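# Descriptive analysis of the structure
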Amino acid sequence: MKVIRICCIAMLCCLLAPATMTRAQAAGAQAVPGDTYNHLMSIMEKQIVGAADAMPADKYNFAPTQGDFKGVRTFGSQVKHLAETNYEFFEGWNLPGAVKEADIEKLTSKDDIMKALKDSYTYAHSALSTITAANAFTIEGSGEKKWTRGGMAAFCIAHSMDHYGQMVVYLRMNGIVPPASRQGGM
């Protein structure tokens, strides 16, 4: 079920990307794939950073216990996971500033976790900015780890969407309306 959900989200990203490019082309400009992916990532970044900030520091260790939630990540672990994977998706792109997963995993305070999250989105945006019409759909990697830059960008955005949904559940279980769901939030 989770694979199906991720595939559906990835397809949605791929469908939204041409629509954004069409707007840029209609305005007379040549669309740059990196700009499109950065636009979509900015939407997710705003929602995720807003949600992470909305959860009080003393609730970063919250994980649901009622129902079938055995073994799920805490809220803080969800945020750290997103920060870690924003770097992992772009491994091998030869970008400066990558942070090791182990360094993020050590973080415990909300302030440090929030900084790591924001820094990871800065890194992801720099990666997305390298996507051009010439390299967006060139096959990279080898063996079972073949991918395109455009595909990896779409999957990174879909991954953010998946975890944002989980964060929303945690916020609402704590009586917090996510900022993006508040009147005028989006």
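Procedures and definitions
Residues numbered from 1 in each chain as written. Predicted model: local features only at pLDDT ≥ 70, side-chain atom pairs only at ≥ 80, totals over all residues. Heavy atoms only, no water. Helix = DSSP H or I, 4+ residues; strand = E, 2+ residues; numbered from the N terminus. Contact = heavy atoms within 4.5 Å. Areas by Shrake-Rupley, 256 points an atom, 1.4 Å probe, with all protein chains shown as cover. pLDDT = per-residue confidence, 0-100. Phe/Tyr/Trp six-rings, centres within 6.5 Å; stacked < 30°, edge-to-face > 60°. Buried < 20%, exposed > 50% of the residue type's maximum accessible area, 1.4 Å probe, protein only. Lys NZ or Arg CZ within 6 Å of the ring centre and 35° of its normal. Salt bridge = Lys/Arg side-chain N within 4 Å of Asp/Glu carboxyl O. Axes fitted to C-alpha atoms, helices over the stretch in contact; angles between N-to-C directions. Parallel < 35°, antiparallel > 145°, perpendicular 65-115°, else oblique. Left-handed = near helix turned anticlockwise from the far one by under 90°. Nonpolar A, V, L, I, M, F, W, Y, C, P; charged D, E, K, R; others polar. Core = buried A, V, L, I, M, F, W, Y, C linked by side-chain atoms within 4.5 Å.

### What to know about the overall build of the chain
Counting secondary structure elements, the chain contains six helices and zero strands. Tracing the chain from N to C terminus, the helices and strands come up as α-α-α-α-α-α. Sequence-distant contacts in the chain: of pairs separated by 6 or more residues, those separated by 24 or more amount to 71%. Total accessible area on the chain stands at roughly 10300 Å², and carbon and sulfur atoms take up 57% of it.

### Section: the confidence of the model for the chain
The pLDDT averaged across the chain works out to 87; a share of 82% of its residues lies at or above 70. For the chain, per-element mean pLDDT is lowest for helix α1 (residues 2-26), which scores 47, and highest for helix α5 (residues 110-128), which scores 98. Low pLDDT (under 50) marks residues 1-16, which in the prediction has 16 contacts with non-local residues, meaning those over four places away or in another chain.

### Some thoughts on the packing of aromatic side chains
Counting across every chain of the model gives seven aromatic pairs. Relative to W147, the ring of W93 lies with its centre 5.8 Å away and its plane at 10 degrees, an arrangement referred to as stacked. You can see W93 sitting in the loop between α3 (75-88) and α4 (101-105) and its partner W147 sitting in the loop between α5 and α6 (149-173), a full 54 residues away along the chain. When sorted by exposure, W93 lands in the same class as W147, which is buried. Over the aromatic face of W93 sits the side chain of R149, whose NZ or CZ is 4.2 Å from the ring centroid.

### Observations concerning the pattern of salt bridges
One pass over the structure, following the stated rule, counts five salt bridges. Salt-bridge contacts for K106 lead to D103; the nearest nitrogen and oxygen are separated by 3.9 Å. With relative accessibility at 62%, the residue K106 sits in the exposed group. For D119, the salt bridge goes to K115, with nearest N and O atoms at 2.7 Å. Of the two residues, D119 and K115 are both situated in helix α5; the distance of four residues between them amounts to about one turn of the helix. Look at D119 and you get partly exposed, because its relative accessible area is 34%.

### Some points on the packing of α3 against α5
Packing of α3 against α5 leaves a shortest axis separation of 8 Å and a crossing angle of 25 degrees. By the angle class used here, α3 and α5 are roughly parallel. In the packing of α3 onto α5, the handedness of the crossing is left-handed. Where α3 approaches α5, its residues G76, V79, K80, L82, A83, N86 and Y87 are matched on the opposing element by I113, A116, L117, D119, S120, Y121, Y123 and A124. For the contact of α3 with α5, a count of residues per class yields ten nonpolar, three polar and two charged.

### Observations concerning the nonpolar core
If you look at the biggest cluster of nonpolar residues, it comprises 44 residues, and the most contacted ones within it are F90 and L117. Those elements that provide at least two residues to this core are α2 (33-54), α3, α5 and α6. Apart from residues lying up to four places away in sequence, F90 is in contact with Y123, A124, A127, L128, A153 and C156.

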